[in-house]
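Here is what each chain is made of, one letter per residue.
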Amino acid sequence: QLIATRKEQLLHTASVHSWIDKVSSYRPEYNKPVVLGILLLTLVFGYMARRVSFESDMMNMNFMSSELKRAEARLNAVNAFSLQSVYLVSEGKTFEDALINNERLVSTIETLKKEGVVKKYSGVSSLIISDALQKKRIARWNNYWTPAKKQLLIDHLETAGRTLKYREGAFNNFQNLLNKDFQVTDKKALAAATNNLLGDFITEIPGHTTVVTLVKVAPGRRSDLYSAFENDSQVTVIDKQYLTSRFVEIINADFNRIALMSSILVFTVLLLTYGRIELALVSFIPMLISWIWILGIMGLAGIQFNIINIIISALIFGLGDDYSLFIMDGLLKEYKTGRKNLSSYKSSIFLSAITTIAGLGVLIFAKHPALKSIALISIIGIVCVVLMSQILIPFFFSILIKKRVEKKLFPWTLLGFLKSAFAFVYFIFGSLLLTVLGMLLVRWYPFDKEKGKLLYHNILSSFVRSIIYIMVNVKKEIFNPLAEDFSRPTVVICNHQSFLDILAMVMLNPRLILLTNHWVYHSPVFGAVVRMADYYPVAEGAEPGIEHLADRVKQGYSIVVFPEGTRSTDCNIKRFHKGAFYLAEKLRLDILPIIIHGTGNTMAKGDFLLKDGKITLKFLPRIRIDDVVFGAEYALRARNVGRYFRDEYKKLASVIEQPLYFKQQLVYNYIYKGPVLEWYMKVKLRLEKSYQLFHDLLPKQGKMLDIGCGYGFMSYMLHFAAPAREIVGIDYDEDKIETALHCFSKNDRIHFRHADINAFEFEKYDAIILSDMLHYLQPQQQRQLIETCIQNLLPGGTIIIRDGNKDLVKKHKGTRLTEFFSTRFTGFNKTSGQGLSFLSGQLIKEIAGAYNLQCTEIDETRYTSNMIFVIKK
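Every value quoted in this text rests on a predicted model; they were computed, and no experiment measured them.

1. Quick look at the overall build of the protein chain
So, point 1. Counting its regular elements, the protein chain contains 32 helices and 19 strands.
So, point 2. Surface accessibility of the protein chain: about 45000 Å² in total, with carbon and sulfur atoms responsible for 60%.

2. Topic: the packing of aromatic side chains
The geometry of an aromatic ring pair is captured by two quantities: the separation of the ring centres and the angle between the planes.
So, point 1. In this structure the tally under the stated criterion is 33 aromatic pairs.
So, point 2. With a centroid separation of 6.2 Å and 65 degrees between ring planes, the pair formed by Phe 486 and Phe 619 is classed as edge-to-face. Here Phe 619 lies in strand E12 (residues 613–619) and Phe 486 lies in the loop between strand E6 (474–479) and strand E7 (490–494), a separation of 133 residues in the sequence.
So, point 3. Cluster of aromatic residues (ring-pair linked, three or more members): Tyr 661, Phe 662, Tyr 716, Phe 720 and Phe 752.
So, point 4. One Lys or Arg, Lys 611, reaches over the ring of Phe 410 and ends 4.9 Å from the middle of that ring.
So, point 5. The ring of Tyr 670 is capped by Lys 673, whose NZ or CZ atom sits 5.4 Å from the centre of that ring.

3. What to know about the nonpolar core
So, point 1. Ile 493, Met 505, Ile 594, Tyr 670 and Phe 713 are the most contacted members of the largest nonpolar core, which totals 170 residues.
So, point 2. Not counting residues up to four positions away in its chain, the partners in contact with Ile 493 are Val 561, Pro 563, Phe 576, Ala 580, Phe 581, Ile 591, Leu 592, Pro 593, Ile 594, Val 641 and Phe 645.
So, point 3. Counting 30 residues, the second largest nonpolar core, distinct from the first, contains Ile 730, Ile 768, Leu 853 and Ile 871.

4. Some words on the sheet that holds strand E10 (residues 558–561)
So, point 1. On the basis of which strands lie adjacent, the open sheet formed by seven strands has the order E6-E12-E11-E7-E10-E8-E9 and mixed pairing. Edge positions in the open sheet fall to E6 and strand E9 (536–537), since each of these has one partner strand only.
So, point 2. Strand direction decides the pairing type here: E7 and strand E11 (residues 590–597), joined by five bridges, are parallel. Residue pairing for E11: Val 491 is matched across the bridge by Ile 591.

5. Focus: the environment of Cys 855
So, point 1. Among the secondary structure elements, Cys 855 is positioned in strand E18 (residues 854–858).
So, point 2. Residues Cys 855 and Lys 873, spaced 18 residues apart in sequence, show a C-alpha to C-alpha distance of 9.3 Å.
So, point 3. For Cys 855, the residues in contact, after removing those within four places along its chain, are Ile 844, Lys 845, Ala 848, Phe 869, Val 870 and Ile 871.

6. Some remarks on the sheet that holds strand E19 (residues 866–872)
Pairing between the strands of a sheet comes from backbone hydrogen bonds, and it takes one of two forms, parallel or antiparallel.
So, point 1. Spatially, E15-E14-E13-E16-E17-E19-E18 is the arrangement adopted by the seven strands of the open sheet, whose pairing is mixed. Each edge of the open sheet carries a strand with a single partner, namely strand E15 (750–754) and E18. Ignoring which end each strand starts from, the neighbouring axes of this sheet average 15 degrees apart.
So, point 2. Of the strand pairs in this sheet, strand E17 (residues 793–804) and E19 are connected by seven bridges, and their pairing is antiparallel. If you follow Ile 799 over to E19, its bridge partner there is Ile 871.
So, point 3. Contacts from helix H28 (residues 713–721) reach strand E13 (702–707), strand E14 (725–731), E15 and strand E16 (765–771) within the one sheet, and its direction differs from that of E14 by about 180 degrees.
So, point 4. Its contacts with the sheet put helix H32 (residues 841–850) on E17, E18 and E19, and the angle it makes with E19 is roughly 5 degrees.

7. Here we look at a positive patch on the surface
So, point 1. On the surface, Arg 575, Lys 578, Arg 639 and Arg 643 cluster together to form a positively charged patch.
So, point 2. Examined against the element boundaries, Lys 578 turns out to sit in the loop between E10 and helix H22 (579–587).
So, point 3. Looking at Lys 578, the relative accessible area reads 42%, which means it is partly exposed.

8. Digging into the pattern of salt bridges
So, point 1. Counted under the stated rule, the structure contains 24 salt bridges.
So, point 2. Taking the shortest distance from any N to any O, the salt bridge between Arg 624 and Asp 590 comes out at 3.6 Å. Note that Arg 624 is positioned in the loop between E12 and helix H24 (634–656) and Asp 590 in strand E11, a separation of 34 residues in sequence.
So, point 3. Judged by its relative accessible area of 42%, Arg 624 is partly exposed.
So, point 4. The exposure class of Asp 590 is buried, given its relative accessible area of 9%.

9. Concerning the pairing of strand E4 (residues 208–217)
So, point 1. E4 sits mainly inside the fold: eight of its ten residues count as buried.
So, point 2. Across five bridges, the pairing between strand E2 (residues 118–123) and E4 is antiparallel. Opposite Val 118, over in E4, you have Val 217 as the bridge partner.
So, point 3. Pairing geometry for strand E3 (residues 202–205) and E4, over four bridges, is antiparallel. Bridging from a neighbouring strand, Glu 204 pairs with Thr 209 of E4.

10. Structural notes on the confidence of the model for the protein chain
So, point 1. When the pLDDT values of the protein chain are averaged, the result is 84; 87% of them are 70 or greater.
So, point 2. Scored below 50 in pLDDT, residues 22–26 shows eight contacts in the model against residues more than four places distant or in partner chains.

11. Remarks on H32
So, point 1. If you check which residues of H32 are buried, you get Gly 841, Leu 843, Ile 844, Ile 847 and Ala 848. The buried residues of H32 all sit within an arc of 160 degrees when viewed along its axis, so they share a single face.
So, point 2. Between a side-chain oxygen at the N-terminus of H32 and the backbone nitrogen of Gln 842 the separation is 3.2 Å; the capping residue is Ser 840.
So, point 3. Remark: Asn 852 follows H32 within two positions and exhibits a positive phi of approximately 55 degrees.

12. Let's talk about unusual backbone geometry
Glycine aside, a negative phi is what most residues show, and trans is what most peptide bonds show.
So, point 1. In this model, Tyr 672 sits at a positive phi of 70 degrees, which is unusual for a non-glycine residue.
So, point 2. Positionally, Tyr 672 belongs in the loop between helix H25 (663–670) and helix H26 (675–688).
So, point 3. The phi dihedral of Asp 772 is positive, around 55 degrees, even though this residue is not glycine.
So, point 4. For Asp 772, the location among the structural elements is in the loop between E16 and helix H30 (779–791).

13. Overview of the environment of Val 667
So, point 1. With respect to the element layout, Val 667 can be found in helix H25.
So, point 2. Taking the C-alpha atoms as reference points, Val 667 and Lys 682, separated by 15 residues in sequence, lie 7.3 Å from one another.
So, point 3. Every residue in contact with Val 667, bar those within four places of it in the chain, is listed here: Met 681, Lys 682 and Leu 685.

14. Structural notes on a nonpolar patch on the surface
So, point 1. Nonpolar side chains collect at one region of the surface, where Val 676, Trp 679, Val 683 and Leu 687 lie side by side and expose about 420 Å² of accessible area between them.
So, point 2. As for its placement among the helices and strands, Val 683 is situated in helix H26.

15. Some points on helix H14 (residues 342–361)
Helical geometry note: an α-helix holds 3.6 residues per turn, so side chains three or four residues apart project in the same direction.
So, point 1. For H14, which comprises 20 residues, the first-to-last C-alpha distance of 27 Å matches the rise-based estimate of 28 Å (1.5 Å per residue) to within 8%.
So, point 2. Three or more residues of H14 are buried, namely Leu 342, Tyr 345, Lys 346, Ser 347, Ile 349, Phe 350, Ala 353, Thr 356 and Gly 361.

16. Quick notes on the environment of Glu 657
So, point 1. Looking at where Glu 657 falls in the secondary structure, it is placed in the loop between H24 and H25.
So, point 2. In this structure, the C-alpha to C-alpha distance between Glu 657 and Phe 720, residues 63 residues apart in sequence, is 8.5 Å.
So, point 3. Ignoring anything within four residues of it in the chain, the contact list for Glu 657 reads His 597, Tyr 649, Phe 662 and Ala 721.
So, point 4. A polar side-chain atom of Glu 657 sits 2.8 Å from a polar atom in the side chain of His 597.

17. With respect to the packing of H22 against H24
So, point 1. Their axes nearest at 8 Å, the elements H22 and H24 cross at an angle of 130 degrees. As the angle between them shows, H22 and H24 are arranged oblique. Crossing of H22 over H24 shows right-handed handedness. Along the contact surface, H22 presents Phe 581, Tyr 582 and Glu 585, while H24 presents Tyr 634, Arg 637, Ala 638 and Val 641.
So, point 2. Residues that form the contact of H22 with H24 fall into these classes: five nonpolar, no polar and two charged.

18. Here we look at the side chain of Thr 210
So, point 1. Considering the arrangement of structural elements, one finds Thr 210 in strand E4.
So, point 2. A residue is classified by how much of its surface remains accessible, and Thr 210, at 13% relative accessible area, is buried.
So, point 3. When residues no more than four places from it in sequence are discounted, the contact partners of Thr 210 are Val 89, Ser 90, Glu 91, Phe 201, Ile 202 and Thr 203.

19. Here's the deal with the side chain of Gln 782
So, point 1. Mapping Gln 782 onto the fold places it in helix H30.
So, point 2. Separated by 2.9 Å, the side chain of Gln 782 and the backbone oxygen of Leu 774 make a polar contact.
So, point 3. Leave out the neighbours within four places in its chain, and Gln 782 touches Leu 774, His 775, Leu 777, Ser 837 and Leu 839.

Calculation criteria
Residues numbered from 1 in each chain as written. Predicted model: local features only at pLDDT ≥ 70, side-chain atom pairs only at ≥ 80, totals over all residues. Heavy atoms only, no water. Helix = DSSP H or I, 4+ residues; strand = E, 2+ residues; numbered from the N terminus. Areas by Shrake-Rupley, 256 points an atom, 1.4 Å probe, with all protein chains shown as cover. Phe/Tyr/Trp six-rings, centres within 6.5 Å; stacked < 30°, edge-to-face > 60°. Lys NZ or Arg CZ within 6 Å of the ring centre and 35° of its normal. Core = buried A, V, L, I, M, F, W, Y, C linked by side-chain atoms within 4.5 Å. Buried < 20%, exposed > 50% of the residue type's maximum accessible area, 1.4 Å probe, protein only. Contact = heavy atoms within 4.5 Å. Pairing = 2+ DSSP bridges. Axes fitted to C-alpha atoms, helices over the stretch in contact; angles between N-to-C directions. Patch = residues over 30% accessible without salt bridge, like charges linked within 9 Å, V, L, I, M, F, W, Y side chains within 5 Å. Salt bridge = Lys/Arg side-chain N within 4 Å of Asp/Glu carboxyl O. Lys, Arg positive; Asp, Glu negative; His and termini not counted. Charge placed at Lys NZ, Arg CZ, Asp CG, Glu CD. pLDDT = per-residue confidence, 0-100. Arc of directions from axis to C-beta. Polar contact = N/O pair within 3.5 Å; in protein donor to acceptor, adjacent residues only side chain to side chain. Expected span 1.5 Å × (residues − 1). Parallel < 35°, antiparallel > 145°, perpendicular 65-115°, else oblique. Left-handed = near helix turned anticlockwise from the far one by under 90°. Nonpolar A, V, L, I, M, F, W, Y, C, P; charged D, E, K, R; others polar.

Structural data, given as structure tokens:
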């Protein structure tokens, strides 16, 4: 029975977790209508948020029942003056000064009392008066009670007393009091005696004393009281109700400022945490939208802010921060290592939201309006922050990173977006301006049409050149060794990698006519410019356009053709179509090959991200129409020239595509994987000079083993610079291997494995790299590993060993210091627990000599003993 009961409990728990997982597995990043609906509602709620304001009291009166309001009115009627109490504070440097000012204040109060402004008042002056007033009253007493008056009064009392049979001497005490010489009373002693009674009315500190008078003001007459003392610098009017209202007004006025400062603080923390402004924005924008939703719903529902709601809103904003961080951490962890922890984070968020709503939302059943307000704000706020974190953050992350890397495209960065947006806005604005100029110079030009067209082509070429050179993040280089100036018309053939190819060709010379596809010819942005420039669409082939193109050639124009027909996605040159060569044969024109390199890397096909890069144009010698080296018939010439063009492109690419050329590609593989890793990778690239030396020392093709590959920086760079290389990287740090495996540039020629080198099964390799890893092994293991590498090296292969050479005693101190920072201070590299053991350079040479191998030593360091040993087989 116990087992059956427990089983039922487990099944129930499993069903709950299953439901949570099902809810958490929803993928809103693919649901664009949902996100568009959220953004639309955000605009509506943003407009309604202006209706939300602060109440002047501590509770939201909109939720008070009519019965409660009537009770409040009866209470105010019974105690009409309870909310009309005003405190008048008289100030002075001394107690005497404060009392004098207070006595002057009392005379004004008496006047206001006669006018009906003040109903009653009480204060210190009823018991304690100033020395000056005491002296004045004593003088009046003495002036009035002359000796004659005193004697006359005493005689009258004694006569009347005898008649009434008072005992003899009954009025002696009165006579003594009447004849007493009155002096100024010690008011401080009197104040001390009455401290329990007047303690709240007197405040005295060195150099400053205040005396308080409490005034009961008639309803609606407080403004008259304020006016009576507004010019008195020695009196301060304090109204509790006024102060409360003013306090709320100040909070209302400063709330936006407080919210802004809090938002800036939260954004700064996000920026420091993630190290990328893009991730900070992706995390922060949903929080901002959540806040707009909360205010908007409050505005729609007529809920107004009060002091209590501010506290609850702060709690909700804090929960929104937590939820955003949970979702972002899950997304980043999955992006970095492939570990899918997002569903567990979402489950935690759901449970947190449910418990918060259950704990605070139950107050909606309370009678008190303030408690109802807490419940409503809690329910509205929690629902909003959960929706925003669950939907918007994955959606923005998908657009920014995930979907792009799945297509092998660089993820968006803010700087990349701004550069791209600027270039496209500039291009669109220029296209619209050129459309207007084209109307004037081509279609409506009243004079020589050809001159108008030539002028238009000059303006077009200058504008396109400005686009190319305004993109300062893209370097430009043109090789024109024969000083080709297009003075003789020709058919220009170019490889086609990117939309930038069109711009690169148009800028070269005004007298160029491009053959375009249907999309370019009918583009809504620049299609009119293309048509007015007499560019020709080749959707139906080049034959129908022979007559039109022949006319342009007679006017001195050259024809630009992209013989591949469409843009290449991998920058490799595809088969040349015969159209360009057919045109050259029919129009009897030379062929001018121009190689375009780098445009595909700067702006890939189907992408709008304008990356940093370099565009290179190289003019090849003209192929004359009567030159039969490439064949006499245009179909044969197409094949041979295509082969020639590809060979020349490979030669140019081999010169340009050195490791430094691929630096940005490597960087983009590791951004958004943590600020420390990104910083480490950039520093490593700088110190290693983009691994140029390793690239030069290794063969350009073959199977290579990178032992201790770490995060895979060098493995990727060596493959980028020579795609024919097949790289196998191994490391005993599993986290590093997971990170290396989840780079978007990984393909089937790059492999990473988590393995202990002492148990690794070697294959045969053309090259083996042991970079900065041997000192993590013990001496016997070091010798064994080097010998194993030699035994598994193919003939003609290369082994590159880089490590600290303990024979260089002075420089070796620098190596030990760097290893201390990498292993203990930053923790980038893990040790086996047996400590570091640096080997001798002489030992490496001895092992190489034992196998009759050549060993070369390279020293490129100044402050460390890290030497490079190149062993050739």
